[in-house]
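Given next are the chains, with one letter for each unit.
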Amino acid sequence: MRVHAQRAGALLGGLSFPALSLADWTVNMTPGVTGTSNDIFDLHMIIFWICVAIGVVVFGVMFWSIFAHRKSQGAKPANFHENTLVEVLWTLIPLVILVIMAIPATATLIDMYDTTESDIDIKVTGYQWKWQYEYINEDFGYFSNLATPAEQISNRQVKGENYLLEVDNPMVIPVGKKIRFLLTANDVIHSWWVPDFGVKKDAIPGFINEAWTRVDKPGTYRGQCTELCGRNHGFMPVVVKAVPEEEYNTWVAGQKAEAEKERELTQKDWTMEELMVRGEKAYATTCAACHQADGSGVPPAFPALKGSAIATGDIAAHIDIVVNGKSGTAMQAFGGQLNEVDLAAIITYERNAWGNKVGDMVTPKEIFDYKNAQ
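Residues numbered from 1 in each chain as written. Predicted model: local features only at pLDDT ≥ 70, side-chain atom pairs only at ≥ 80, totals over all residues. Heavy atoms only, no water.

- Within an unreviewed UniProt entry, the label attached to the chain reads Cytochrome c oxidase subunit 2, and the organism entered is Marinobacter antarcticus.
- You can read under Function (unreviewed entry) in the UniProt record for the chain the words "Subunits I and II form the functional core of the enzyme complex. Electrons originating in cytochrome c are transferred via heme a and Cu(A) to the binuclear center formed by heme a3 and Cu(B)." (UniProt positions renumbered as here; feature names shortened; annotations may be inferred.)

Rendered as structure tokens:
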């Protein structure tokens, strides 16, 4: 009721005070925070003013001709045919205009596609429905998932300032450095877009597309997937945090240490309670979008796990479908997406949550051995 009342109030406010409601409304592009985005904006404005000038001249001549040669003034229509000069002019003038427009456009495009001499290379992989960022030169990576609470999405809470544009793990880059993005996808076509950078590039399975940016102003910049990629396409935001180089180096050191710690956890002796706690968190970010937080699924595309043969049956079959996926269905292979600890925790959680209570558990060591045996 509270949410509906707030919506009604906002609607009435917009109708009562339209000028205030449209205070931030604009029809133009924004310059952005990179050299590329500013070049695109400048090119846009150049082309815009050329079009304005053409419109003024064409419509000016047309309206003047209509007014000055109107019938009431006794004007007589001229009869002429195949005027060579006119035909040459209306061919050459548009050609010159196109050449004038092509010069800055070509320079901008050449710069946009020049990904050489980068300082940092980041591989961006699109998944349904999250992004994976791999820092190639630093040998670590992680997934970036939507962080907007489900309560906001279902209108049980007031929507936050960055509704559907917030993630658990943003991409972090240093300011003043040339960052090269290597974009691909694991399942369907996605598109990685950050408006402030002037970067929008498709992520296509089996292909590597390249893009680059250099951010000179620290801050948090947001974007989205802009290629319709399935049911949760609208829940796949992009968040990039640009920080000073010293802060970036500290962050990289922390990520490396965390990655090494995760590798060491594979050999740890885990308890059922520890796996259940970690599994609930990993399931919420990785599996809940399809199979739902309560394990009910969205049949027939995403079967229920609550009381299912998968989650309560043979444990080896359960491991196999999570690690390798299932051909011909929407079930992805998570063996290459998640580490052994998260895989073991998710499987253990699925077998003992929502009343399943199978009572068994899978350890990271078992997942590690299973992968090596394949």
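### As for the pattern of salt bridges
Next up, step 1: Within the structure shown, the criterion is met by 10 salt bridges.
Next up, step 2: A salt bridge links Arg180 to Glu210; the shortest N-O distance between them is 3.4 Å. In this pair, Arg180 sits in strand β5 (residues 179-185) while Glu210 sits in strand β8 (residues 209-213), placing the two residues 30 residues apart along the sequence.
Next up, step 3: Judged by relative accessible area, Glu210 falls into the partly exposed class, the value being 33%.
Next up, step 4: The salt bridge partner of Arg278 is Asp342, with a shortest N-O separation of 2.7 Å. Placement of the pair is Arg278 in helix α7 (residues 272-286) and Asp342 in helix α11 (residues 340-352), with a sequence separation of 64 residues.
Next up, step 5: One salt-bridge network, held together by shared partners, links Asp121, Arg180 and Glu210. (Salt bridge = Lys/Arg side-chain N within 4 Å of Asp/Glu carboxyl O. Helix = DSSP H or I, 4+ residues; strand = E, 2+ residues; numbered from the N terminus. Buried < 20%, exposed > 50% of the residue type's maximum accessible area, 1.4 Å probe, protein only.)

### Brief notes about the layout of surface pockets
Next up, step 1: Taken as a whole, the second largest pocket encloses approximately 190 Å³ of empty space.
Next up, step 2: What lines the second largest pocket is simply Met29, Thr30, Pro31, Ser37, Ile40, Trp193, Pro195, Gly198, Val199 and Lys200.
Next up, step 3: Every element with two or more residues in the lining of the second largest pocket is listed here: α3 (35-68) and β7 (199-203). (1 Å grid on protein atoms, 1.4 Å probe; cavity = no way out; pocket = protein on both sides within 12 Å on 5 of 7 lines; lining within 4 Å. Points joined across faces, edges and corners; volume = space filled by probe spheres on them.)

### Re the domain arrangement of the chain
Next up, step 1: For the chain, the domain assignment lists domain 1 (35-67 + 84-113), domain 2 (120-154 + 163-262) and domain 3 (268-373).
Next up, step 2: The partner domain 3 presents 13 residues to the 12 residues of domain 2 that form the contact.
Next up, step 3: Between domain 2 and domain 3, a total of about 930 Å² is buried, with carbon and sulfur atoms accounting for 42% of that surface.
Next up, step 4: On the domain 2 side of the contact with domain 3, Lys130, Arg231 and Glu262 bury the most area, a combined 45% of that side's loss.
Next up, step 5: Inspection of the domain 2/domain 3 interface yields 0 salt bridges.
Next up, step 6: For the pair domain 2 and domain 3, the interface holds 2 residue pairs in polar contact (both at pLDDT 80 or more).
Next up, step 7: Looking at the side of domain 2 that touches domain 3 residue by residue, the class counts come to 3 nonpolar, 4 polar and 5 charged. (Domains from an automatic or database assignment. Contact = heavy atoms within 4.5 Å. Buried area = accessible area lost by both parts, 1.4 Å probe. Polar contact = N/O pair within 3.5 Å; in protein donor to acceptor, adjacent residues only side chain to side chain. Nonpolar A, V, L, I, M, F, W, Y, C, P; charged D, E, K, R; others polar.)

### Some details on the UniProt feature "transmembrane region" (unreviewed entry) in the chain
Next up, step 1: Using the residue numbers shown here, the UniProt feature "transmembrane region" (unreviewed entry) corresponds to residues 47-67 and 88-110.
Next up, step 2: For residues 47-67, the end-to-end C-alpha separation is 30 Å, with 100% helix and 0% strand making up the annotated structure.
Next up, step 3: Structurally, residues 88-110 is divided into 100% helix and 0% strand, and its ends, taken at the C-alpha atoms, are 32 Å apart.

### Things to note about the UniProt feature "domain: Cytochrome c" (unreviewed entry) in the chain
Next up, step 1: Per the UniProt record, the feature "domain: Cytochrome c" (unreviewed entry) sits at residues 274-354.
Next up, step 2: End-to-end, the C-alpha atoms of residues 274-354 are 17 Å apart, and along that stretch the chain is 54% helix and 0% strand.

### Focus on the nonpolar core
Next up, step 1: Ranked by size, the top nonpolar core spans 38 residues in total, and within it Ile122, Tyr133, Met171 and Trp192 carry the most contacts.
Next up, step 2: Those residues in contact with Tyr133 that sit more than four places away from it in its chain are Ile122, Lys123, Val124, Phe140, Gly141, Tyr142, Ser144, Asn169, Met171, Trp192 and Val238.
Next up, step 3: By size, the runner-up hydrophobic cluster in this structure holds 21 residues, among which are Ile321, Ile346, Tyr349 and Ala353. (Core = buried A, V, L, I, M, F, W, Y, C linked by side-chain atoms within 4.5 Å.)

### Details of the pairing of β5
The two faces of a sheet get side chains in turn, since along a regular strand they alternate between them.
Next up, step 1: Along β5, 6 of the 7 residues are buried, which leaves the element largely enclosed by surrounding structure.
Next up, step 2: Where strand β1 (residues 120-127) lies against β5, 7 bridges are found, and the strand directions are parallel. From the neighbouring strand, Thr125 faces β5, where its bridge partner is Thr184.
Next up, step 3: As judged from the 5 bridges shared by β5 and β8, these two strands associate in the antiparallel manner. Among the inter-strand pairings, Phe181 is bridged to a residue of β8, identified as Ala211. (Pairing = 2+ DSSP bridges.)

### Some thoughts on the sheet that holds strand β6 (residues 190-194)
Next up, step 1: Taken in spatial order, the 5 strands make up an open sheet running β4-β10-β9-β6-β7, and their pairing is mixed. For this open sheet the edge positions go to β4 (171-174) and β7, each flanked by a neighbour on one side alone. Ignoring which end each strand starts from, the neighbouring axes of this sheet average 25° apart.
Next up, step 2: Note: strand β9 (residues 219-225) against strand β10 (residues 237-243), 6 bridges, orientation antiparallel. Across the sheet, residue Tyr221 finds its bridge partner in β10, namely Val240. (Axes fitted to C-alpha atoms, helices over the stretch in contact; angles between N-to-C directions.)

### What to know about the sheet that holds strand β3 (residues 140-144)
Next up, step 1: Across the sheet, which stays open at both edges, the 5 strands sit in the order β3-β2-β1-β5-β8 with mixed pairing between neighbours. At either end of the open sheet lies a strand with only one pairing partner, and these are β3 and β8. Neighbouring strand axes in the sheet, compared pairwise and without regard to direction, differ in orientation by 25° on average.

### Thoughts on the packing of helix α10 (residues 315-324) against α11
Next up, step 1: Running from N to C, α10 and α11 point in directions that differ by 130°, and their axes come no closer than 11 Å. Overall, the two elements α10 and α11 adopt an arrangement that is oblique. In the crossing of α10 with α11, the sense of the turn from one axis to the other is right-handed. Contact residues: Ile315, His318, Ile319, Val322 and Val323 in α10; Leu343, Ile347, Glu350 and Arg351 in α11.
Next up, step 2: For the contact of α10 with α11, a count of residues per class yields 6 nonpolar, 1 polar and 2 charged. (Parallel < 35°, antiparallel > 145°, perpendicular 65-115°, else oblique. Left-handed = near helix turned anticlockwise from the far one by under 90°.)

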